[in-house]
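A look at the structure
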Amino acid sequence: MNDGDRRYGMETRAVHAGARPDPATGARQTPVYQTTSYVFDDIDHAASLFNLQTFGYFYSRLTNPTVAVLEEKIANLEDGRAAVACASGHAAQFLAFFTLLEPGSHIVASRYLYGGSVTQFTKSFARLGWQADLVDPNDPDVVEAAIRDETRAIFVEVLANPGGIVVDLEPLVAIARRHRIPLVVDNTMATPCLIQPFHWGADIVIHSATKFIGGHGTSMGGVVVESGAFDWFASGKFPGMTEPEEAYHGLTFAETFGDFGFTMKARAVALRDFGPSLSPANAFHLITGCETLPLRMQRHCDNALEVARHLETHPKVAWVSYAGLESSPWHGLARKYLKNGFGSVFTFGLRDGFDACTRMVEASGLFSHLANIGDTRSLVIHPASTTHRQLTSEQRATAGAADDTIRLSIGIETVSDLIRDLDEALEKA
C-alpha cells in the first residue's frame, strides 16, 4: 500500500492493504466468498484462466477472492512482491520447499526450530528425497561448511520457537548470496510488526498465520511470501523455475511471471497438485485478526517483558530465556533486528525439574494449557512432554525444550493478573 510518495504506517496497512469495498454490494468488510468455482465468460476465457494467461478466479483450491485479500495484505505488511496462502504453517513450508527442491536436494536449516518443523525436515521430507542438516545458525562457519552442491536453501526462524533465540541474518544473507541460494525465513514469532526480513536480504518469508496473524486461536492458515528479488537464472540450480513446465504447455515461471514467478509456481503447481487450500471462512477470520496485529503485538511484547523480568527474580525459577532481558545472550541481536518489542513467547526453567514443570502447568489458572502460541489469551505448555516429545533428549535440549523448560505465550490481559497467576502456580509446583 503505497500511494505515490506517500508511505502508509503499519497500522494503516494492517487495516486497509488488500481490502476494498465489495464492488457488487458495497460491503465494507471483505465478504466470505464461500464458493468452490466461478462462471466463465466463454470458452476462450476459461482456457486463458487455466493456461495462466489471464488472472482471475476459476476454482477455489487455487484462487478465491477472500483468500486473495489475505495474501495481498500479508505481502504488503512484509514489503514483499506476492504471496500464496494455504491451510497451515506446515503446509506453507511444504509448498515453499516443493517449489524450490528436486529429489536429492538438500537444505541447511537452523537447529533452533519448532519441534514439528524438526520432524518435518528430518523425517517426512527425507521420504521425498530431500535432506536437511540442522546447524547453529549463529555460527556462519558451521552454516557454510554444511552447504553442498545439492543445497538449495538456508532456512531459519528469525525469532525461534520456543527459546526466543534471535538469529543473526546478515551473515546468513551473505552466505546465501555466495552460493546463489535463497534464504528462507519463518517470521511467525516476530511478525512484520517486529521485523521485515526482506529489508535484511531474505528471499522468502513463511508464516503460520494460525498464530499472531489470526491472533484469536480460531483459524488455521499459512502464508508464503516472496521478495521478488531473487535471481532464479543465476546458478542453474532451480530448473523448476527456469525450465519449461510441461503442465502449462512449456511455460517458464521465472521468465513468464518475473518477480512473482515463485508465488505463481507455488500456487499453480504445488497448491494445485497437493491441495492444502485455505478455506474462505478461515481467510476471513485471519484478515479480521490481522487488522489489529500491530496493536496486539505491542501489548504482547510489553506484557512479556514485564513477566520475564518478574520471573527472572523468582526463587523457584532457575533461568529465563527471553531476548528482551539484558541478561540474555540474544539481547544484542534482538536490539539490532527487532523493532517495537522482543516478542511474546519465551521459556523459563524450574529448579526442581520435570515433575515441578508438570505440576506448575496443571496449577495454572489464567494461563491456558494448550499447544499454540500467539493467542490473545496467555498460554502455557511443557514442551518436553508435548510439542517436542517426539525428539530425543539431546534434540530437545538443543531446540531449547529441555525437561526443565516451560514455554509461555503471553497474551494481552492485565499484566499484574498474569504475574499473580504465575506466582500462585509456582507456589503449588
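To be clear, the structure that these remarks concern was listed above.
Attention here is on the structure that accompanies the text.

Digging into the pairing of strand β3 (residues 82–86)
- When you tally the buried positions in β3, you get 5 out of 5 residues, the bulk of the element.
- Along β3, one buried face is formed by A82, V84 and C86 and the opposite face, lined by A83 and A85, is buried too.
- Relative to strand β9 (residues 222–226), β3 runs antiparallel, the two being bridged by 5 bridges. Following the sheet pairing, V84 is matched in β9 by V224.

Some details on the nonpolar core
- By size, the foremost hydrophobic cluster in this structure holds 135 residues, and its most contacted members are F346, F348 and L408.
- Among the elements that make up this core, the one with the highest residue count is helix α13 (residues 293–312) (8 residues).
- For this core, the two domains that each supply at least three residues are domain 1 (10–289) and domain 2 (293–428).
- In this structure, F346 is in contact with P162, A304, V307, A308, L311, V320, S321, Y322, I406, R407, L408 and I410, ignoring residues within four places of it in sequence.

A short note on the side chain of D375
- Its place among the elements puts D375 in the loop between β12 (368–369) and β13 (379–381).
- At 3.2 Å, the side chain of D375 and the side chain of T376 are in polar contact.
- Among the polar contacts made by the side chain of D375, one reaches the side chain of R377 at a distance of 2.8 Å.
- Contact partners of D375, with chain neighbours within four places excluded, come to G215, H216, G217, H300, S409 and G411.

Thoughts on the sheet that holds β13
- Within the open sheet, the 5 strands sit side by side as β10-β11-β14-β13-β12. Their pairing is mixed. In this open sheet, the two strands that pair with only one neighbour each are β10 (317–321) and β12.
- Taken together, the 5 bridges between strand β11 (residues 345–350) and strand β14 (residues 405–409) define a ladder with antiparallel strand orientation. If you follow T347 over to β14, its bridge partner there is R407.
- Sheet strands in contact with α13 are β10, β11 and β14, and its direction is about 10 degrees off that of β11.

A few points about the layout of surface pockets
- Here the largest pocket defines a volume of roughly 970 Å³.
- In this structure, the largest pocket is lined by 39 residues; those nearest its centre are Y57, A68, E71, E72 and R267.
- Where the lining of the largest pocket is concerned, the elements lending two or more residues are α3 (65–77), β3 and α11 (261–274).
- Counting residues per element, the lining of the largest pocket draws most heavily on α3, at 7 residues.
- Its residues placed into classes, the lining of the largest pocket shows 22 nonpolar, 11 polar and 6 charged.

Topic: the environment of I204
- Its place among the elements puts I204 in strand β8 (residues 204–208).
- With near-sequence residues (within four places) excluded, I204 lies in contact with L100, P182, L183, V184, V185, F198, V224, V225, W232 and F262.

Some points on the sheet that holds strand β4 (residues 106–110)
- Spatial ordering of the open sheet is given by β3-β9-β8-β7-β6-β4-β5, a layout of 7 strands whose pairing is mixed. Of all the strands in the sheet, just β3 and β5 (131–135) have a single pairing partner and so form its edges. Averaged over all pairs of adjacent strands, the angle between their axes in this sheet comes to 20 degrees, without regard to strand direction.
- Judged from the 5 bridges that link them, β8 and β9 form a sheet pairing that is antiparallel. Counterpart to S208 in the pairing with β9 is G222.
- Sitting on the sheet, helix α4 (residues 89–100) is in contact with β3, β4, β6 (151–157), β7 (183–186), β8 and β9, with an inclination near 155 degrees to β8.

Digging into the pattern of salt bridges
- On inspection of all chains with the given rule, the structure shows 14 salt bridges.
- Residue R7 pairs with D79 through a salt bridge whose shortest N-O separation is 2.6 Å. Linking R7 in strand β2 (residues 6–7) with D79 in the loop between α3 and β3, this pair joins segments that are 72 residues apart in sequence.
- Take R7: its relative accessible area is 45%, and that puts it in the partly exposed class.
- The shortest N-O distance in the salt bridge between R13 and D79 comes to 2.5 Å. One end of the pair, R13, is in helix α1 (residues 10–16); the other, D79, is in the loop between α3 and β3, with 66 residues separating them in the sequence.
- Judged by relative accessible area, which is 23%, D79 ranks as partly exposed.
- Three or more residues are tied together by salt bridges with common partners; here these are R7, R13 and D79.

What counts and what doesn't
Residues numbered from 1 in each chain as written. Predicted model: local features only at pLDDT ≥ 70, side-chain atom pairs only at ≥ 80, totals over all residues. Heavy atoms only, no water. Buried < 20%, exposed > 50% of the residue type's maximum accessible area, 1.4 Å probe, protein only. Helix = DSSP H or I, 4+ residues; strand = E, 2+ residues; numbered from the N terminus. Pairing = 2+ DSSP bridges. Core = buried A, V, L, I, M, F, W, Y, C linked by side-chain atoms within 4.5 Å. Domains from an automatic or database assignment. Contact = heavy atoms within 4.5 Å. Polar contact = N/O pair within 3.5 Å; in protein donor to acceptor, adjacent residues only side chain to side chain. Axes fitted to C-alpha atoms, helices over the stretch in contact; angles between N-to-C directions. 1 Å grid on protein atoms, 1.4 Å probe; cavity = no way out; pocket = protein on both sides within 12 Å on 5 of 7 lines; lining within 4 Å. Points joined across faces, edges and corners; volume = space filled by probe spheres on them. Nonpolar A, V, L, I, M, F, W, Y, C, P; charged D, E, K, R; others polar. Salt bridge = Lys/Arg side-chain N within 4 Å of Asp/Glu carboxyl O.

Functional significance is not addressed by these values, which are geometric in nature.
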